[in-house]
Amino acid sequence: MRCVSCSSPLVKDVRDITYTYKGQSTMIPRIGGEYCSNCDESIHDEDEANTLSLAMLEFNKSVDNDLKQKEP
Ligand SMILES: [Zn+2]
């Protein structure tokens, strides 16, 4: 399979994904998938994609909570 954005070969791997929301970053560990050898593009199967989007949603919530608490 090839990368959708740059056509480089994809490599099957398990990686930690750095995710940024409203200027804050988190690490989402051990996400398996096909990763581009040239850019940040990656393809995930349904389970992996679900794990990833759940982790992102959780992080979004905690960032929103933090921001709320900082309001005067
Ligand atoms: Zn690529």
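Residues numbered from 1 in each chain as written. Predicted model: local features only at pLDDT ≥ 70, side-chain atom pairs only at ≥ 80, totals over all residues.

Some words on the pairing of strand β2 (residues 24-36)
Two faces, one strand: in a regular strand the side chains alternate between the faces of the sheet.
Okay, step 1: Sheet topology places strand β1 (residues 10-21) next to β2; 11 bridges connect them, and they run antiparallel. By the bridge assignment for β2, isoleucine 17 is matched with isoleucine 28.
Okay, step 2: Between the antiparallel neighbours β1 and β2 lie 2 residues, among them lysine 22 with a positive phi of about 50°.
Okay, step 3: Bridge analysis of β2 against strand β3 (residues 42-43) gives 2 bridges, and the strand direction is antiparallel. Bridge pairing in β3 places glutamate 34 opposite isoleucine 43. (Pairing = 2+ DSSP bridges. Helix = DSSP H or I, 4+ residues; strand = E, 2+ residues; numbered from the N terminus.)

Function cannot be inferred from these measures alone, as they are strictly geometric.
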